[in-house]
Amino acid sequence: MIRILKPIVSFLMFFIVLFFIGTILTIATELPDWVSVALALFGAVLVAWYTWRLVSGEKMSTGISVLCGALMLGGLGFIIGFLGPMILAKDTSQGPLVGIFITGPLGVFLGAIGGYFLATKQNANVGS
């Protein structure tokens, strides 16, 4: 089961984080397009690698766990908040702002906390 789950989950997280970082960089910065694409690809590859190792059950460092947890849940919250209102209520012009200002930042915050607790739990189990 894990052999099938690893590539599917890693692939999904790659595209979620790619969309999340790419959209935020496009909206919030004046960076050239190639820089935004490079940063989005770097973050997406990092999260896909982290997801692959996480599903495999490997231990991760605290910093990487916090960063990748924040990107994973932040991206998921952003996509739900950004695309959800556009799908559910097509006539609202300010629907995507939910993802930008509420669910995205909340997901980043909760993901960072979750990544920290996951790494702390893994490190505590190593010493036992």
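See the structure above.
So, how was this worked out
- Residue positions are given per chain, counted from 1 along the sequence in the order it is written.
- Local features in a predicted model are, by the rule used here, given only for residues with pLDDT of at least 70; side-chain atom pairs are given and counted only at 80 or more, and totals for whole chains, interfaces and linings are based on all residues.
- By convention in this description, side-chain values take in all heavy atoms of the structure and omit both hydrogens and water.
- Any pair of Phe, Tyr and Trp rings, taking the six-membered ring for Trp, is counted once the centres come within 6.5 Å. Such a pair is stacked with planes under 30 degrees apart, edge-to-face with planes over 60 apart, and tilted for the rest.
- Secondary structure elements are defined from DSSP: runs of H or I of at least 4 residues count as helices, runs of E of at least 2 residues count as strands, and each element is numbered from the N terminus.
- Relative accessible area decides the class of each residue, using a 1.4 Å probe on protein chains only: under 20% of the type maximum gives buried, over 50% gives exposed, and in between gives partly exposed.
- Patch membership needs two things, relative accessible area over 30% and no salt bridge, and members are linked within 9 Å if like-charged or within 5 Å if nonpolar (Val, Leu, Ile, Met, Phe, Trp, Tyr).
- Note on areas: Shrake-Rupley, 1.4 Å probe, and residue coverage restricted to the protein chains presented here.
- Any Lys or Arg side-chain nitrogen found within 4 Å of a carboxyl oxygen on Asp or Glu counts as a salt bridge.
- By definition in these notes, contact holds between two residues if any of their heavy atoms fall within 4.5 Å.
- Nonpolar cores are built from buried Ala, Val, Leu, Ile, Met, Phe, Trp, Tyr and Cys residues. Side-chain atoms within 4.5 Å join them into one set.
- To obtain an axis, a line is fitted to C-alpha atoms, over the contacting stretch when the element is a helix, and the angle between two such axes runs from 0 to 180 degrees between their N-to-C directions.
- Working rule for angles: under 35 degrees goes down as roughly parallel, over 145 as roughly antiparallel, 65 to 115 as roughly perpendicular, anything else as oblique.

Asks: Can you tell me about the packing of aromatic side chains, naming the residues and giving the values?
Replies: Two aromatic rings are characterised by how far apart their centres lie and by the angle between their planes. Overall, the coordinates contain seven aromatic pairs when judged by the stated rule. For the ring pair phenylalanine 11 and phenylalanine 15, a centre distance of 4.7 Å and an interplane angle of 75 degrees mean the geometry is edge-to-face. One end of the pair, phenylalanine 11, and the other, phenylalanine 15, are both in helix α1 (residues 2-28), four residues apart, so they sit about a helical turn from each other. Judged by its relative accessible area of 52%, phenylalanine 11 falls in the exposed class. Looking at phenylalanine 15, the relative accessible area reads 41%, which means it is partly exposed. For the pair phenylalanine 14 and phenylalanine 15, a centre-to-centre distance of 5.1 Å together with 85 degrees between the ring planes defines the contact as edge-to-face. One aromatic cluster is present, built from ring pairs that chain together Phe19, Phe20, Phe78 and Phe82.

Asks: Describe a nonpolar patch on the surface, naming the residues involved and giving the relevant values.
Replies: Nonpolar side chains collect at one region of the surface, where Leu73, Leu76, Ile80, Leu106, Phe109, Leu110, Ile113, Tyr116 and Phe117 lie side by side and expose about 880 Å² of accessible area between them. Top element by residues in the nonpolar patch is helix α4 (residues 97-127). It accounts for six residues. By relative accessible area, leucine 76 is classed as partly exposed at 35%.

Asks: An account of the environment of glycine 115 is needed here, citing residue identities and associated values.
Replies: Note on placement: glycine 115 falls in helix α4. Each C-alpha atom, one on glycine 115 and one on glycine 22, is 22 Å from the other, the two residues being 93 residues apart in sequence. Once you skip the residues sitting within four places of it in the chain, glycine 115 turns out to touch Ser65 and Val66.

Asks: Help me get a handle on the nonpolar core, residues and values and all.
Replies: With 20 residues, the main nonpolar core has Met13, Val17, Ile21, Val47 and Leu71 as its most contacted residues. For this core, the secondary-structure elements that each account for two or more residues are α1, α2 (33-56) and α3 (62-88). In terms of residue count, the dominant contributor to this core is α1 (seven residues). The residues touching methionine 13, leaving out its near neighbours within four places in the chain, are Val47, Thr51 and Met72.

Asks: Residue-level account of the packing of α2 against α3, with values.
Replies: Across the interface, α2 lies against α3 with an axial gap of 10 Å and an inter-helix angle of 110 degrees. In terms of orientation, α2 lies roughly perpendicular with respect to α3. Taken together, the residues of α3 that come into contact with α2 (itself represented by Gly43, Leu46, Val47, Trp49, Tyr50 and Thr51) are Ile64, Ser65, Leu67, Cys68, Leu71 and Met72.

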